[in-house]
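One letter stands for each residue in the lines below.
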Amino acid sequence: MWKKFSVLLFALLLFLAANLNVGWKISVNDTLLPGCYSSRQIKESTKIAHIAAEEISRFHSSAPELRKSLRLSFRPASADSRVLNDYMLLYSGGIELADGVFVNGVQLGTVESGTVLSEKLRDYIRNQMPNVAVFGSISGKMLIRPVFSTVDHYTNYDDMILLVSGMAPVFYVDKNGHIA
C-alpha cells in the first residue's frame with residue numbers, strides 16, 4: 001500500500017515539476033510591472049533599452065534599478081517586453097518622455113506639451129486669417145505622440161509652428177468653399 005502511494009506521489013511530483021514554468025516579476029525603480037517575464041525577455045529588454053538610452057542621450061546613461069523575484073507558474077511567462085523596454089528607458093538617466101511632433105510622417109522635433117502647441121497653432125492660424133475666410137487649417141496631417149527624448153531638449157513653440165506651417169502650409173476657405 002505504501003509503495004503504491006509513494007509511487008503515485010512521486011509521479012504526481014514529476015508531473016507538477018514538468019509543467020511548472022519559471023518566470024520573474026520585475027520592478028524598475030520600485031515600480032512593479034504587470035505580468036511575468038522570462039529570463040530571455042529580461043536579458044534582451046535590458047540590452048535593447050541600454051542601447052536605445054545611449055543612442056537617445058548621446059552619452060553613457062545610467063541604468064535604472066531592476067529587481068527580480070522568482071515566480072513558479074503552470075502558465076509560461078507572457079508579459080509584453082515593450083512595457084519593460086519603456087520603463088527601462090523612462091528611468092534611465094538623461095531621458096524623458098516628450099511630445100513628438102510629426103507632419104506627414106516626418107518628425108519635426110519635440111515640445112514640452114502637445115496641447116499647448118495645438119492651441120498656439122490654432123491661434124497662429126486664426127491671427128493670419130484673411131477677412132474673407134471662414135475656416136483655416138494646415139494642408140497636411142499633424143500627429144503628436146509621446147517619444148523618448150533627452151531631458152529638456154525641446155523645440156520652442158514659435159519655432160515649431162513655423163516648422164509645421166513650412167511642412168504643411170496653412171490654407172483658408174471662404175464662405176463659398178473656395179480657397180482664399
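Since the structure is predicted, the reported quantities are computational estimates derived from the model, not experimental observations.

The rules behind these values
Residues numbered from 1 in each chain as written. Predicted model: local features only at pLDDT ≥ 70, side-chain atom pairs only at ≥ 80, totals over all residues. Heavy atoms only, no water. Salt bridge = Lys/Arg side-chain N within 4 Å of Asp/Glu carboxyl O. Helix = DSSP H or I, 4+ residues; strand = E, 2+ residues; numbered from the N terminus. Pairing = 2+ DSSP bridges. Axes fitted to C-alpha atoms, helices over the stretch in contact; angles between N-to-C directions. Contact = heavy atoms within 4.5 Å. pLDDT = per-residue confidence, 0-100. Polar contact = N/O pair within 3.5 Å; in protein donor to acceptor, adjacent residues only side chain to side chain.

Q: Quick question: what am I supposed to make of the pattern of salt bridges here?
A: Pairing of side chains with opposite charge becomes possible as their charged atoms draw close. Enumeration according to the criterion identifies four salt bridges in this entry. Across the pair Glu44 and Arg40 runs a salt bridge, and its minimum N-O distance is 3.2 Å. You can see Glu44 and its partner Arg40 sitting in helix 2 (residues 39-57), four residues apart, about one turn around the helix. The closest approach of N and O atoms between Glu65 and Arg67, which form a salt bridge, is 2.8 Å.

Q: Would you take a moment to explain the sheet that holds strand 7 (residues 142-150) for this structure?
A: Neighbouring strands of a sheet are bound in pairs by backbone hydrogen bonds; such pairs are parallel or else antiparallel. Within the open sheet, the three strands sit side by side as 5-4-7. Their pairing is antiparallel. Two strands bound the open sheet, and with one partner strand each, they are strand 5 (106-111) and strand 7. Pairs of neighbouring strands in the sheet enclose a mean axial angle of 35°, with direction left out of account. Note that strand 4 (residues 95-103) and strand 7 share nine bridges and pair antiparallel. What sits directly across from Gly100, in strand 7, is Arg145. Helix-sheet contacts for helix 4 (residues 114-128) involve strand 4, strand 5 and strand 7, and the interaxial angle to strand 7 is about 140°.

Q: Looking at this model, I keep getting lost on the confidence of the model for the protein chain. Mind explaining?
A: Detailed reading of the predicted coordinates is not advisable wherever pLDDT falls low. When the pLDDT values of the protein chain are averaged, the result is 84; 98% of them are 70 or greater. Between the elements of the protein chain, mean pLDDT differs from a low of 78, seen in helix 1 (residues 2-19), to a high of 92, seen in helix 4.

Q: Before we go on, may I ask you to explain the sheet that holds strand 1 (residues 21-28) in this structure?
A: Here we have three strands laid out as an open sheet, ordered 2-1-3, and antiparallel in their pairing. Each edge of the sheet is formed by a strand with only one pairing partner; in this case those strands are strand 2 (31-32) and strand 3 (66-73). Contacts between helix 3 (residues 81-90) and the sheet are confined to strand 1, strand 2 and strand 3, with strand 1 contributing the most and set at about 30° to the helix.

Q: Which parts of the structure should I look at to understand the side chain of Thr110?
A: Mapped onto the secondary structure, Thr110 falls in strand 5. Once residues within four sequence positions are removed from consideration, Thr110 is found in contact with Ala98, Asp99, Gly100, Val147, Ser149, His153, Tyr154, Thr155 and Met160.

Q: Which parts of the structure should I look at to understand the side chain of Lys25?
A: Topologically, Lys25 is positioned in strand 1. In terms of polar contacts, Lys25 uses its side chain to reach the backbone carbonyl oxygen of Gly35, at 3.2 Å. The residues contacting Lys25, other than those within four sequence positions of it, are Leu32, Leu33, Pro34, Gly35, Cys36, Arg67, Lys68, Ser69 and Arg71.

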